[in-house]
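# Structural description and commentary
Listed here are the chains, written in short residue letters.
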Amino acid sequence: MLTFDNVSLSYGSFLALDGVSLHAESGELVVLLGANGAGKSSIFLTASGIHKAAGGSIRFGDKELVGRKPSQIVANGLVQCPEGRKLFPQMSVLKNLMLGAYVHRGDKAGNRQRLEEVMALFPILDEKKDDTAGSLSGGQQQMVAIGRAMMGRPKVLLLDEPSLGLAPLVVKQVFEVIQRINKSGTTVLLAEQNAYAALKIANRAYVMERGRIVLEGDRESLMNNEAVRRAYIGA
Ligand code: ATP
């Protein structure tokens, strides 16, 4: 469904992605592991058309994404929930959520129905819909960020470090929600530092180092991989 083939990306003279190949098939939950600066966000930003790949191809279904505008990419069903949430803190929860539906703004009935689904996924956001996003707790703000991405009607959802900075109990809730989203039919590509929790819900995973994929495998093989355990799980 989403396939990176030998993708490279440079920031000036710095090669941030060096021949990255990976794929996520329909219905899968695929995890991207890697230390800070390995290139996980760069993968997402390139898929979303925010950065333009210097080489290689990114295919989404039968479409080539390299060269397309971010708005076209979202309209096609590849939607990103960025690292650090990037909410508008002075705006209400509801307005933040509705921004995610911008590319579907002509379809008011569809957006109303989608909003109901997002509120069912996150009942707390229904209660707090008129509060400013900035007044919510960190975990609730992460729910708004995920909910906003869901308003974009993703076929593939790119989640960049959704558990960053959250308390353990809240992290658990976030991973439960991600699993529910995936089980209801959305393909998920999840970048995480929280390797154990991410692998537990993954079908497959990739490990990145310095702009390259250095390891890939299914959940069991990576969970049991000695190098992965030492570097990312700490056991
Ligand atoms: P993190 O979890 O810290 O965001 P990451 O794995 O997502 O890490 P990236 O954000 O993709 O990594 O960064 C990959 C490399 O590219 C890092 O060395 C980073 O400093 C560099 N980098 C990222 N964005 C830019 C930019 N806009 N200009 C220059 N260098 C950048």
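- In the nomenclature of an unreviewed UniProt entry, the protein chain is known as ABC transporter ATP-binding protein of Hydrogenophaga crassostreae.
- Per its UniProt entry, the protein chain bears the Sequence similarities (unreviewed entry) comment "Belongs to the ABC transporter superfamily."

## Details of the pattern of salt bridges
- A complete count under the given rule lists 9 salt bridges for this structure.
- The salt bridge partner of glutamate 161 is lysine 40, with a shortest N-O separation of 3.7 Å. Placement of glutamate 161 in the loop between β7 (156–160) and α7 (168–183) and of lysine 40 in helix α1 (residues 40–47) is noted, with a sequence separation of 121 residues between them. Here glutamate 161 matches lysine 40 in class, with each residue buried.

## Re the nonpolar core
- Counting residues in hydrophobic clusters, the biggest one holds 47 residues, and the most contacted among them are Leu97, Leu125, Ile178 and Leu190.
- Looking at which element gives the most residues to this core, the answer is helix α6 (residues 138–151), with 7 residues.
- The residues that make up this core include at least three from each of domain 1 (1–77 + 155–164 + 185–235) and domain 2 (86–153).
- Filtering out sequence-adjacent residues up to four positions away, isoleucine 178 remains in contact with Leu29, Leu159, Pro162, Val188, Leu190 and Ile201.
- Leu22, Phe60, Ile73 and Leu158 belong to the second-largest nonpolar core, a separate cluster that totals 26 residues.

## Comments concerning unusual backbone geometry
- Even without being glycine, lysine 86 reaches a positive phi, approximately 50 degrees.
- Checked against the element boundaries, lysine 86 lands in the loop between β6 (78–81) and α3 (93–99).
- Exposure remark for lysine 86: the relative accessible area of 54% places this residue in the exposed category.
- Backbone geometry places arginine 153, a non-glycine residue, at a positive phi of 55 degrees.
- Tracing the chain through its elements places arginine 153 in the loop between α6 and β7.

## Some points on the sheet that holds β6
- Judged by pairing direction, the sheet is mixed, and its 6 strands sit side by side in the order β6-β7-β8-β3-β9-β10 without closing on themselves. Edge strands, defined here as strands with exactly one partner in the open sheet, are β6 and β10 (212–218). The average angle at which neighbouring strand axes cross in this sheet is 20 degrees, direction not considered.
- Along the sheet, α6 makes contact with β6 and β7, crossing β6 at roughly 170 degrees.

## What to know about the layout of surface pockets
- Of the pockets and cavities examined, the largest pocket occupies roughly 550 Å³.
- Forming the walls of the largest pocket are 20 residues, and the residues nearest its centre are Val74, Val79, Gln80, Pro82 and Arg148.
- For the lining of the largest pocket, the secondary structure elements donating two or more residues are α1, α2 (70–76), β6 and α6.
- Element by element, the count of residues in the lining of the largest pocket is highest for α2, at 3 residues.

## Here we look at the pairing of β6
- Side chains Leu78 and Gln80 project from β6 onto one buried face, and the interleaved Val79 and Cys81 project onto a second face that is buried too.
- With 4 bridges joining them, β6 and β7 adopt parallel strand pairing. Bridging across to β7, glutamine 80 finds its partner in leucine 158.

Scoring rules and cut-offs
Residues numbered from 1 in each chain as written. Predicted model: local features only at pLDDT ≥ 70, side-chain atom pairs only at ≥ 80, totals over all residues. Heavy atoms only, no water. UniProt positions renumbered as here; feature names shortened; annotations may be inferred. Salt bridge = Lys/Arg side-chain N within 4 Å of Asp/Glu carboxyl O. Helix = DSSP H or I, 4+ residues; strand = E, 2+ residues; numbered from the N terminus. Buried < 20%, exposed > 50% of the residue type's maximum accessible area, 1.4 Å probe, protein only. Core = buried A, V, L, I, M, F, W, Y, C linked by side-chain atoms within 4.5 Å. Domains from an automatic or database assignment. Contact = heavy atoms within 4.5 Å. Pairing = 2+ DSSP bridges. Axes fitted to C-alpha atoms, helices over the stretch in contact; angles between N-to-C directions. 1 Å grid on protein atoms, 1.4 Å probe; cavity = no way out; pocket = protein on both sides within 12 Å on 5 of 7 lines; lining within 4 Å. Points joined across faces, edges and corners; volume = space filled by probe spheres on them.

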